[in-house]
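Read off the chains here:
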Amino acid sequence: MKKSLSVIAGMAALAGLLAFSACKPPEYIRYNSDFGDFTVEVPWGWNVYLDGTGTADFYNYTFVGPFEPDFLHGVPSLSIRWYGNNEFHRLPDGRLERYASADDFIVQTLRDVYGPEHVLVTPTKDDPKEIQRISVSGWEGKHFIVVAPGDIPADNKFGTRVEKDGARTAVLRQHDYVILPMDTGFYVLVYPATKEGYDRYLKRFGRMVKTFKALKDGPVGPKL
């Protein structure tokens, strides 16, 4: 991944303005996609990294927060991804992934990423396994929270559960997803937290979802 140049320039300009006026830094800052396809408010002071070149198949923006020991590797983050329908994308380990639609993404993600032990959690008590409908940028999206254990990376010291004898057990992931289907693909907004750290930055993820505005049908699609 590379650090996004647009956010570096924007934050530098705003930092200079705040220093000049002796103002308190804002809690959030407006961020515009490098490809002109969305605008959103993200936490002030968080670094942003971009994986992808803005082609039709895939990209991933990762907004990284300050050190937090209750998160995996001590790193809280928020992400915005784009997936083109039926477009192949090569993963870092060399495997290929492809999703026919937003619904196909949900099915494959729950099955392959979280496995049979996953549990869906939603704010609605009536049906805790329902994929919720949610309005994002004036479009109908889908929302779910998944809780599932995960393997502990060999070099990880943070975000894991600790038993009474001091032994570390699996990471208990609690990941929040909001998915926005478009005509040629779909956006995925993700808050990859742990069970212990989930409440820490939930407000910031909510602000991201609330302020996300799609301007185009993906990075190379037409304006909306």
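First, a word on what this report is: a plain description of the structure on this page. (Residues numbered from 1 in each chain as written. Predicted model: local features only at pLDDT ≥ 70, side-chain atom pairs only at ≥ 80, totals over all residues. Heavy atoms only, no water.)

1. Considerations on the overall build of the protein chain
A tally of helices and strands in the protein chain yields three helices and 15 strands. Split into buried and exposed, the 224 residues of the protein chain put 45% on the buried side. If you take every contact in the protein chain between residues at least 6 apart in sequence, the share linking residues at least 24 apart comes to 56%. Accessible surface, the protein chain as shown: approximately 11,900 Å² in total, 54% of it carbon and sulfur. (Helix = DSSP H or I, 4+ residues; strand = E, 2+ residues; numbered from the N terminus. Buried < 20%, exposed > 50% of the residue type's maximum accessible area, 1.4 Å probe, protein only. Contact = heavy atoms within 4.5 Å. Areas by Shrake-Rupley, 256 points an atom, 1.4 Å probe, with all protein chains shown as cover.)

2. Quick word on the sheet that holds strand 2 (residues 28–32)
What the three strands build is an open sheet, ordered 2-3-15; its pairing is antiparallel. Only two strands of the sheet have a single partner each, and these edge strands are strand 2 and strand 15 (213–214). Where strand 3 (residues 38–43) and strand 15 come together, two bridges link them in antiparallel fashion. If you follow Phe38 over to strand 15, its bridge partner there is Ala214. Running at roughly 160° to strand 3, helix 3 (residues 202–211) makes contact with strand 2, strand 3 and strand 15 of the sheet. (Pairing = 2+ DSSP bridges. Axes fitted to C-alpha atoms, helices over the stretch in contact; angles between N-to-C directions.)

3. Observations regarding the layout of surface pockets
There is about 1,300 Å³ of room inside the largest pocket. For the largest pocket, the lining is made up of 41 residues, of which Arg81, Val113, Tyr114, His175 and Tyr177 are closest to its centre. Its residues assigned to classes, the lining of the largest pocket shows 20 nonpolar, 11 polar and 10 charged. (1 Å grid on protein atoms, 1.4 Å probe; cavity = no way out; pocket = protein on both sides within 12 Å on 5 of 7 lines; lining within 4 Å. Points joined across faces, edges and corners; volume = space filled by probe spheres on them. Nonpolar A, V, L, I, M, F, W, Y, C, P; charged D, E, K, R; others polar.)

4. A word on the nonpolar core
Judged by nonpolar contacts, the single largest core of 32 residues is most densely connected at Tyr61, Tyr187 and Phe212. Elements with a contribution of two residues or more to this core: strand 2, strand 3, strand 4 (47–51), strand 5 (58–64), strand 6 (77–84), strand 13 (168–181), strand 14 (185–194) and helix 3. Sequence-distant contacts of Phe212, defined by excluding residues within four places in its chain, comprise Phe38, Thr39, Val40, Ile80, Val136, Ser137, Leu180, Tyr187 and Leu189. By size, the runner-up hydrophobic cluster in this structure holds 17 residues, among which are Leu120, Tyr177, Val188 and Val190. (Core = buried A, V, L, I, M, F, W, Y, C linked by side-chain atoms within 4.5 Å.)

5. Observations regarding the pattern of salt bridges
Any two side chains of opposite charge can pair, on the condition that their charged atoms come close. Summed over all chains, the structure comprises nine salt bridges. A salt bridge links Glu27 to Lys203, with the nearest nitrogen and oxygen atoms 3.7 Å apart. Of this pair, Glu27 sits in the loop between helix 1 (5–21) and strand 2 while Lys203 sits in helix 3, and the two are 176 residues apart along the sequence. Of the residues examined, Glu27 reaches a relative accessible area of 40% and is grouped as partly exposed. Each of the salt bridges in this network shares a partner with another, and the network as a whole consists of Arg30, Glu41 and Arg207. (Salt bridge = Lys/Arg side-chain N within 4 Å of Asp/Glu carboxyl O.)

6. Some points on the pairing of strand 4
Along strand 4, the buried face is formed by Val48 and Leu50; none of Asn47, Tyr49 and Asp51, which line the opposite face, is buried. Of the strand pairs in this sheet, strand 4 and strand 5 are connected by five bridges, and their pairing is antiparallel. Looking at the pairing, Tyr49 lines up with Thr62 of strand 5. Following strand 4, the chain reverses through six residues before pairing antiparallel with strand 5; Gly52 in that reversal takes a positive phi of roughly 130°.

7. Things to note about the side chain of Asp37
Mapped onto the elements, Asp37 comes out in the loop between strand 2 and strand 3. Of the side chains bearing the opposite charge, Lys216 lies closest to the buried Asp37, which forms no salt bridge; the N-O distance is 6.1 Å. A polar atom in the side chain of Asp37 sits 2.5 Å from the side chain of Ser33. A polar atom in the side chain of Asp37 sits 2.7 Å from the side chain of Tyr187. The contacts of Asp37, once residues within four sequence positions are left out, are Tyr59, Tyr187, Lys213, Ala214, Leu215, Lys216, Gly218 and Pro219. (Lys, Arg positive; Asp, Glu negative; His and termini not counted. Polar contact = N/O pair within 3.5 Å; in protein donor to acceptor, adjacent residues only side chain to side chain.)

8. What to know about unusual backbone geometry
With a phi angle near 65°, His73 is a residue other than glycine that sits in the positive phi range. Its location among the elements puts His73 in the loop between strand 5 and strand 6. Positive phi, normally seen in glycine, also occurs at Asn86, with a value near 60°. Mapped onto the elements of the fold, Asn86 is located in the loop between strand 6 and strand 7 (89–90). Judged by relative accessible area, which is 44%, Asn86 ranks as partly exposed.

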